[in-house]
Amino acid sequence: GENVEQHPSTLSVQEGDSAVIKCTYSDSASNYFPWYKQELGKGPQLIIDIRSNVGEKKDQRIAVTLNKTAKHFSLHITETQPEDSAVYFCAASYKAAGNKLTFGGGTRVLVKP
Amino acid sequence: DSGVTQTPKHLITATGQRVTLRCSPRSGDLSVYWYQQSLDQGLQFLIQYYNGEERAKGNILERFSAQQFPDLHSELNLSSLELGDSALYFCASSPTSGGIAFFGQGTRLTVV
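These numbers were taken from a predicted model, which means no experiment stands behind them.

## A few points about the overall build of chain A
A count of helices and strands for chain A gives zero helices and 11 strands. Along chain A, from the amino end to the carboxyl end, the secondary structure elements read β-β-β-β-β-β-β-β-β-β-β. In terms of C-alpha radius of gyration, chain A reaches 14 Å, essentially the compact-globule figure of 13 Å for 113 residues. With respect to the principal axes defined by its C-alpha atoms, chain A has extents near 45 × 30 × 20 Å. When burial is assessed residue by residue, chain A has 49% of its 113 residues classed as buried.

This is the structure we're talking about:
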């Protein structure tokens with residue numbers, strides 16, 4: 001089955017700096033790659049996603065890039081703010097597996113004011 | 001608010017007991033997924049239902065079972081509970097055959 005690895009496990013950045021989280025996946029059949037943000041005591045919230053027919057997608061301060069050949073994808077957060085502090089999860093899925101999401105281990109991001 | 005409702009929010013029970021967790025998906029979503037998140041751990045896929053039928057199974061213990069009812073709500077049943085079953089249990093729903101998934105706020109289960 002699919003295996004998703006996520007790095008780093010923790011990331012501390014100064015407010016205003018950029019944050020980058022990287023994920024690799026194992027199954028070349030995966031074609032959907034969402035990113036979730038989980039705040040303390042809450043459920044994961046979808047923040048951005050990308051499909052395999054697209055190389056990059058941007059939404060305000062958040063962008064995701066996908067390299068299908070290398071089987072890795074990354075989340076970029078620019079101009080970080082204290083409210084960006086949370087745990088971020090990447091995931092991968094494909095239709096033949098019921099579109100179930102396989103998650104990376106998570107990255108705890110701390111934005112220091 | 002994702003539109004996915006889970007009840008109860010918190011549950012404390014003793015070892016050996018049985019509990020039922022409930023999930024109401026977003027209006028119109030046919031797929032329901034259950035995930036387990038242990039302390040400081042990632043999200044582990046348990047099981048998926050699509051329009052009442054089991055679609056995919058993950059690392060779900062034999063002591064656990066689930067079902068999706070005609071009104072599309074789903075229940076996760078956990079029996080013979082052990083201390084190690086203490087975790088957050090999340091339900092997610094997805095329109096039609098999947099892709100985008102929206103998570104509920106979770107049920108925090110504590111087994112004492």
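## Concerning the sheet that holds strand β8 (residues 74-78) of chain B
Residue and element names in this part refer to chain B. With respect to topology, four strands assemble into an open sheet ordered β1-β3-β8-β7, the strand pairing being antiparallel. Since the sheet does not close on itself, it has two edges, and those belong to β1 (5-7) and β7 (64-68), each with one partner. Strand-to-strand, the axes of this sheet are offset by a mean angle of 15 degrees, without reference to chain direction. Here strand β3 (residues 19-24) pairs with β8 via five bridges, running antiparallel. The partner of C23 across the bridge, within β8, is S74.

## Focus: the state of the cysteines
Residue and element names in this part refer to chain A. One pass over the full model with this rule turns up two disulfides over all chains. Between the sulfur atoms of C23 and its disulfide partner C90 the distance amounts to 1.9 Å. Disulfide C23-C90: torsion about the S-S bond near -100 degrees, hence left-handed. Within this pair, whereas C23 is found in strand β3 (residues 19-25), its partner C90 is found in strand β9 (residues 86-92), the two being separated by 67 residues in sequence. As far as burial versus exposure is concerned, C23 and C90 are alike and both buried.

## Regarding the layout of surface pockets
The calculated volume of the second largest pocket comes to roughly 280 Å³. Surrounding the second largest pocket, 19 residues form its lining, A:E2, A:K100, A:L101, A:T102 and B:F45 being those nearest its centre. Mapped by element, the contributors of at least two residues to the lining of the second largest pocket are β10 (102-103) of chain A together with β5 (43-50) of chain B. No other element matches β5(B), which puts three residues into the lining of the second largest pocket. The residue inventory of the lining of the second largest pocket, partitioned by class, reads nine nonpolar, seven polar and three charged.

## Examining the pattern of salt bridges
Under the defined criterion, the tally for this structure stands at seven salt bridges over all chains. Here A:K42 makes a salt bridge to A:E39, at a shortest N to O gap of 3.7 Å. The exposure class of A:K42 is partly exposed, given its relative accessible area of 41%. Between B:R63 and B:E82 there is a salt bridge, and its shortest N-O distance comes to 3.7 Å. Here B:R63, found in the loop between β6 (53-57) and β7, pairs with B:E82, found in the loop between β8 and β9 (87-95); they are 19 residues apart in sequence, far enough to count as distant. Residue class for B:E82 comes out partly exposed when judged on its relative accessible area of 43%. Linked through salt bridges whose partners overlap, the residues forming this network are A:K37, A:E39 and A:K42.

Reading guide: rules and limits
- Residues numbered from 1 in each chain as written.
- Chains lettered and ligands numbered in written order.
- Predicted model: local features only at pLDDT ≥ 70, side-chain atom pairs only at ≥ 80, totals over all residues.
- Heavy atoms only, no water.
- Helix = DSSP H or I, 4+ residues; strand = E, 2+ residues; numbered from the N terminus.
- Rg over C-alpha atoms; globule rule 2.2 N^0.38 Å.
- Buried < 20%, exposed > 50% of the residue type's maximum accessible area, 1.4 Å probe, protein only.
- Pairing = 2+ DSSP bridges.
- Axes fitted to C-alpha atoms, helices over the stretch in contact; angles between N-to-C directions.
- Disulfide = S-S within 2.5 Å.
- 1 Å grid on protein atoms, 1.4 Å probe; cavity = no way out; pocket = protein on both sides within 12 Å on 5 of 7 lines; lining within 4 Å.
- Points joined across faces, edges and corners; volume = space filled by probe spheres on them.
- Nonpolar A, V, L, I, M, F, W, Y, C, P; charged D, E, K, R; others polar.
- Salt bridge = Lys/Arg side-chain N within 4 Å of Asp/Glu carboxyl O.

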